[in-house]
Amino acid sequence: MQSAVVLLSGGLDSATVLAMARDCGYVVHTLTIAYGQRHRIELEAAASVAASLAAASHVVVGVDLARIGGSALTDDNIAVPKDALTEGQIPATYVPARNTIMLSVALAHAEVVGANDIFIGVNAVDYSGYPDCRPEFVEAFERLANLATRVGVEGHRLRIHAPLINMTKSEIIREGLRLGVDYGMTCSCYDPSASGRPCGHCDACLIRLRAFSDLGMTDPAMANV
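Here is what the cut-offs are and how they apply
- Residues numbered from 1 in each chain as written.
- Predicted model: local features only at pLDDT ≥ 70, side-chain atom pairs only at ≥ 80, totals over all residues.
- Heavy atoms only, no water.
- Pairing = 2+ DSSP bridges.
- Helix = DSSP H or I, 4+ residues; strand = E, 2+ residues; numbered from the N terminus.
- Axes fitted to C-alpha atoms, helices over the stretch in contact; angles between N-to-C directions.
- Contact = heavy atoms within 4.5 Å.
- Buried < 20%, exposed > 50% of the residue type's maximum accessible area, 1.4 Å probe, protein only.
- Polar contact = N/O pair within 3.5 Å; in protein donor to acceptor, adjacent residues only side chain to side chain.

1. Observations regarding the sheet that holds strand β3 (residues 57–62)
So, point 1. Reading across the sheet, the 5 strands line up as β3-β2-β1-β4-β5 and stay open at both edges, with parallel pairing between neighbours. The strands lining the two open edges of the sheet, one partner per strand, are β3 and β5 (159–161). Going from strand to strand, the sheet's axes swing by 25 degrees on average, the running direction of each strand aside.
So, point 2. Summarising the sheet, strand β1 (residues 3–7) and strand β4 (residues 117–119) pair through 3 bridges and their orientation is parallel. What sits directly across from alanine 4, in β4, is aspartate 117.
So, point 3. Running at roughly 170 degrees to β1, helix α1 (residues 12–23) makes contact with β1, β2 (27–34) and β4 of the sheet.

2. Quick notes on the side chain of aspartate 219
So, point 1. By secondary structure assignment, the location of aspartate 219 is in the segment after α7 (203–214).
So, point 2. Note on aspartate 219: relative accessible area 2%, which makes it buried.
So, point 3. Polar contacts involving the side chain of aspartate 219 include one to the side chain of arginine 208, which spans 2.7 Å.
So, point 4. Setting aside anything within four residues of it in sequence, one finds aspartate 219 in contact with Arg208, Leu209 and Phe212.

Note that all results are geometric; they support no functional claim without further evidence.
See below:
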């Protein structure tokens, strides 16, 4: 069986991607990046999701982007926007170069575990304006991956999979439910309480709530918000 590395944040999208990679028959190695995010509860969620979906291994790597700041997700002096979905501009929750950094770490991990496939849960439909969630970015990084690694140079092509790229959030949820994802253990909130309770008002929460509502469902992670 082929191996794959899945970037797993602990949120709804990455949990779905993990289930999709397993459904494709890959032996999956999950990788979570602790980047100094204020919503660190997602690290615990990622470990729970990895265990529930039988990942072959789960690794957490620290890259402290809080030392750089520049984002509402890493800098306590920048407020997380609430109660209005950000449209037409890059929001304050954009973390500079985050997906480039995460994919680079995943690339290194893939070489070590012998995986030619990397999965990431970026989405260009409900993506809140992040430039590193676009198809052009994923395609460009795949080209870089095959130029920058021993595996690529030796002719064993590396592939970056973004299976959610053109799906709506409702479609993602529907697919995850089909594959047995327990969304009650995921965490997408940008500004949860100290106990991990989602705020219900940030972009991530609003997008989730709307998607579950469109399916006639209640988000199990936010049932009491």
